Amino acid sequence: DQQVKQNSPSLSVQEGRISILNCDYTNSMFDYFLWYKKYPAEGPTFLISISSIKDKNEDGRFTVFLNKSAKHLSLHIVPSQPGDSAVYFCAARTHYGGSQGNLIFGKGTKLSVKP
Amino acid sequence: DAGITQSPRHKVTETGTPVTLRCHQTENHRYMYWYRQDPGHGLRLIHYSYGVKDTDKGEVSDGYSVSRSKTEDFLLTLESATSSQTSVYFCAISIQGVAEAFFGQGTRLTVV
């Protein structure tokens, strides 16, 4: 059973508008949530994260919102740029005691930003 | 750049042959991971390591083994490659106390 779900395989947005990527999770023990961006033929690159004790984290054009009661997070990109076109992965960290924990990824959402 | 090098970057192999993929890091980080990426599945954890000779299984470990005899190298071995192991393999490292992992460029493996 998928613990991290990205239900939209793709999203198309006009340049300059807001992109909203969504992610749902089932495990209330996750302590961190992360977003990665991936271009073709490259490795995923870390974008932004949020601790489970926060509800918002902002970094430039990127903001992540966490709604723990709904087990839902979203990534907002404002304004969207053509260079943002990529696959975005949502990830969550399992963390037990003093261990480092592992990341569990969603299936990804392909964002296309049209000029 | 987290100083991660994966080799080879591309490989085509025949069914039933053994294959070893290498991940090398230059920063002496303790935690290393192997993931595979497949269409419709995202990134799935195969094996991970939390130190020299300390490894454990991930979500999709069947058919794979790993070894870590030095801090800087984490090897992934397909003992007898199958077509279902055709995939893009990513190595990652993480830093103690930091949630995010940093990924290598990937190895595209095709089993024919």
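Check the entry above for the structure.
The structure reproduced in this document is the subject of the present report.

### Details of the overall build of chain A
Counting secondary structure elements, chain A contains 0 helices and 11 strands. Considered along the principal axes of its C-alpha atoms, chain A spans approximately 45 × 30 × 25 Å. Scored against the burial criterion, the 115 residues of chain A give a buried share of 46%. Long-range pairs, those at least 24 residues apart, make up 52% of the contacts in chain A between residues at least 6 apart in sequence. Here chain A carries 13 positive and 9 negative side-chain charges, and the mean point of each set is 4 Å from the other.

### Some thoughts on the interface of chain B and chain A
One widely used convention gives an interface's size as the accessible area the parts lose upon coming together. Counting residues at the interface gives 23 residues for chain B and 20 residues for chain A. Counting the surface lost from both chain B and chain A, the interface buries some 1,700 Å², and carbon and sulfur atoms represent 56% of this. In this structure, the connection of chain B to chain A is made through 0 salt bridges. Inspection of the region where chain B meets chain A yields 4 residue pairs in polar contact (both at pLDDT 80 or more).

### As for the pairing of strand β7 (residues 64-70) of chain B
Residue and element names in this part refer to chain B. Where β7 lies against strand β8 (residues 73-78), 5 bridges are found, and the strand directions are antiparallel. Across the sheet, the residue bridging to Y64 is L78, located in β8. Here β7 folds back onto β8, and the loop between the two strands holds 2 residues.

### Observations regarding the sheet that holds strand β1 (residues 4-5) of chain A
Pairing between the strands of a sheet is mediated by backbone hydrogen bonds and can be parallel or antiparallel. Residue and element names in this part refer to chain A. A sheet is described by the order of its strands in space; here 5 strands give the open sequence β1-β3-β8-β7-β6, paired in antiparallel fashion. Strands with a single pairing partner mark the edges of an open sheet, and in this sheet they are β1 and β6 (56-59). Looking at chain direction, β1 and strand β3 (residues 19-25) are connected through 2 bridges and run antiparallel. By the bridge assignment for β3, V4 is matched with Y25.

### What about the layout of surface pockets?
Approximately 680 Å³ is the volume found for the largest pocket. Lining the largest pocket are 34 residues, and of these A:K38, A:V87, A:F89, B:Q37 and B:P39 lie nearest its centre. The set of elements that each furnish at least two residues to the lining of the largest pocket consists of β9 (86-94) and β11 (109-114) of chain A together with β4 (31-38), β9 (87-94) and β11 (107-111) of chain B. Counted by class, the lining of the largest pocket contains 12 nonpolar, 15 polar and 7 charged residues. Lining the second largest pocket are 18 residues, and of these A:Q3, A:I104, A:F105, B:R44 and B:E59 sit closest to its centre.

### Quick notes on the side chain of A:T109
Residue and element names in this part refer to chain A. Tracing the chain through its elements places T109 in strand β11. Here T109 falls in the buried class, since its relative accessible area comes to 3%. There is a polar contact of 2.6 Å between the side chain of T109 and the backbone oxygen of S8. Leave out the neighbours within four places in its chain, and T109 touches Q6, S8, P9, S10, L11, L21, A86, V87 and Y88.

Thresholds, definitions, all that
Residues numbered from 1 in each chain as written. Chains lettered and ligands numbered in written order. Predicted model: local features only at pLDDT ≥ 70, side-chain atom pairs only at ≥ 80, totals over all residues. Heavy atoms only, no water. Helix = DSSP H or I, 4+ residues; strand = E, 2+ residues; numbered from the N terminus. Buried < 20%, exposed > 50% of the residue type's maximum accessible area, 1.4 Å probe, protein only. Contact = heavy atoms within 4.5 Å. Lys, Arg positive; Asp, Glu negative; His and termini not counted. Charge placed at Lys NZ, Arg CZ, Asp CG, Glu CD. Buried area = accessible area lost by both parts, 1.4 Å probe. Salt bridge = Lys/Arg side-chain N within 4 Å of Asp/Glu carboxyl O. Polar contact = N/O pair within 3.5 Å; in protein donor to acceptor, adjacent residues only side chain to side chain. Pairing = 2+ DSSP bridges. 1 Å grid on protein atoms, 1.4 Å probe; cavity = no way out; pocket = protein on both sides within 12 Å on 5 of 7 lines; lining within 4 Å. Points joined across faces, edges and corners; volume = space filled by probe spheres on them. Nonpolar A, V, L, I, M, F, W, Y, C, P; charged D, E, K, R; others polar.

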